[in-house]
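Each chain, written out:
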Amino acid sequence: MSTALEITTDGPIRTWTINLPSVGNAITGKDVISAIEAAVDSANADTDVRAVILTGEGKIFSAGGNVKEMADQTGMFGLSALDQRHAYVDGVQRIPRALSRLEVPLIGAINGAAIGAGCDLALMCDIRIASERASFAESFVQLGLIPGDGGTWFLQRVIGYQRAAEMTFTGDRIDATTALEWGLVTSVVPHDELLPRARELAERIAKNPPHSLRMAKRLLQESRTGSLESTLGMAAAMQPLAHRDPEHLQRIAKWKTS
């Protein structure tokens, strides 16, 4: 088991903790990328899992890329331009692809700075709760780079084009309060209450039947880019499955007698 991503299970809730504090919980290394993919596959295969919490070890949620490797021109950053293109596709871009197929709700518990690809990682979560110590920056341009991991796709869908443009073109950092005002997070809590509050939300989600929960998430995801007609078609195909779910029948019977 990889130590880059610590995984704990408590009932129907799993917590994933990026455990690379010595490099700011960077997510460009092969170990953490592979660990996230494996964690997604494991959660999808276990219908007892109903929610996942993602956080970072230490003071930083994720600094994104390994800046030391960039400066030293080592790892993927020492490759030729053509090889780097493939390194992005076969590297950090595997994370948004993996998280896009996670079937259960993903809650980001943003414990500190979420910078560059770390900010984008936060945006890949379905719901984000921030510690009062959290901050966010789409900081690529300040290093003469662009978002290479899908950040331009995620950011404007979360906070709208104009604010996404401001964050992308300036690279400036915003604090947790601003992130709340802009809708980047749903709540800001005292640092010591971050994981308990994320857990509380996960428990509210986990009370619901697992199959309808997973189908509802897929329908939400497809609705972001699909047409109304395709969304209606998918809903029509999914709903009969939900109607035949034994847990639905139990709950509707209980409602009828209450």
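Residues numbered from 1 in each chain as written. Predicted model: local features only at pLDDT ≥ 70, side-chain atom pairs only at ≥ 80, totals over all residues. Heavy atoms only, no water.

Take the sheet that holds strand β6 (residues 113–115) next. Reading across the sheet, the 4 strands line up as β4-β6-β8-β9 and stay open at both edges, with mixed pairing between neighbours. This sheet does not close on itself; its edge strands, each paired only once, are β4 (60–62) and β9 (173–175). Geometrically, the sheet is characterised by an average inter-axis angle of 20° between neighbouring strands, direction not taken into account. Direction of pairing for strand β8 (residues 135–137) relative to β9: antiparallel, over a ladder of 3 bridges. Among the inter-strand pairings, Ser 135 is bridged to a residue of β9, identified as Asp 175. (Pairing = 2+ DSSP bridges. Helix = DSSP H or I, 4+ residues; strand = E, 2+ residues; numbered from the N terminus. Axes fitted to C-alpha atoms, helices over the stretch in contact; angles between N-to-C directions.)

Relative to the helices and strands, Gly 151 resides in helix α6 (residues 151–159). For Gly 151, a relative accessible area of 0% corresponds to the buried category. The sequence separation of Gly 151 and Thr 168 amounts to 17 residues, and the corresponding C-alpha distance is 9.0 Å. (Buried < 20%, exposed > 50% of the residue type's maximum accessible area, 1.4 Å probe, protein only.)

For the rest of this paragraph, the subject is the domain arrangement of the protein chain. Per the domain assignment, the segments of the protein chain are domain 1 (5–207) and domain 2 (210–255). Taking the mean C-alpha position of each, domain 1 and domain 2 sit 27 Å from one another. Taken together, the contact pairs 19 residues of domain 1 with 11 residues of domain 2. In this assembly, domain 1 packs against domain 2 so that about 1200 Å² is buried in total across both faces, 45% of it on carbon and sulfur atoms. Considering only the surface of domain 1 that becomes buried against domain 2, Thr 47, Arg 50 and Glu 103 emerge as the three largest contributors, covering 37% of it. Across the domain 1-domain 2 interface, the total number found is 2 salt bridges. The residue Lys 217 makes a salt bridge to Asp 126 at a minimum N-O spacing of 2.8 Å. Secondary structure elements with two or more residues in the side of domain 1 that touches domain 2: α1 (30–45), α4 (94–100) and α6. (Domains from an automatic or database assignment. Contact = heavy atoms within 4.5 Å. Buried area = accessible area lost by both parts, 1.4 Å probe. Salt bridge = Lys/Arg side-chain N within 4 Å of Asp/Glu carboxyl O.)

Counting through the fold element by element, Gly 148 comes out in the loop between β8 and α6. Spatially, the C-alpha atom of Gly 148 lies 14 Å from that of Val 67, the residues being 81 residues apart in sequence.

On inspection of all chains with the given rule, the structure shows 0 disulfides. Cysteine Cys 119 remains unbridged, with the sulfur of Cys 125 as its closest cysteine sulfur at 11 Å. A relative accessible area of 0% means that Cys 119 is categorised as buried. (Disulfide = S-S within 2.5 Å.)

One pair of aromatic rings is described through two measures. These are the centre distance and the angle between the planes. With the rule as written, the count across this model stands at 1 aromatic pair. Considering the side-chain rings of Trp 153 and Phe 154, the 5.2 Å spacing of their centres and the 75° angle between planes classify their relative orientation as edge-to-face. For Phe 154, a relative accessible area of 12% translates into the label buried. (Phe/Tyr/Trp six-rings, centres within 6.5 Å; stacked < 30°, edge-to-face > 60°.)

Among the nonpolar cores identified, the biggest contains 47 residues, and Trp 16, Ile 95, Leu 99, Leu 121, Phe 136, Met 167 and Leu 184 are the most heavily contacted of them. Examining the composition of this core, we find that 7 residues originate from one element, α1, more than from any other. Not counting the four nearest positions on each side in its chain, Leu 99 is found in contact with Trp 16, Ile 36, Val 40, Leu 106, Leu 121, Met 124 and Gln 221. Counting residues in hydrophobic clusters, the runner-up holds 14 residues, among them Ile 107, Ala 109, Leu 194 and Ala 206. (Core = buried A, V, L, I, M, F, W, Y, C linked by side-chain atoms within 4.5 Å.)

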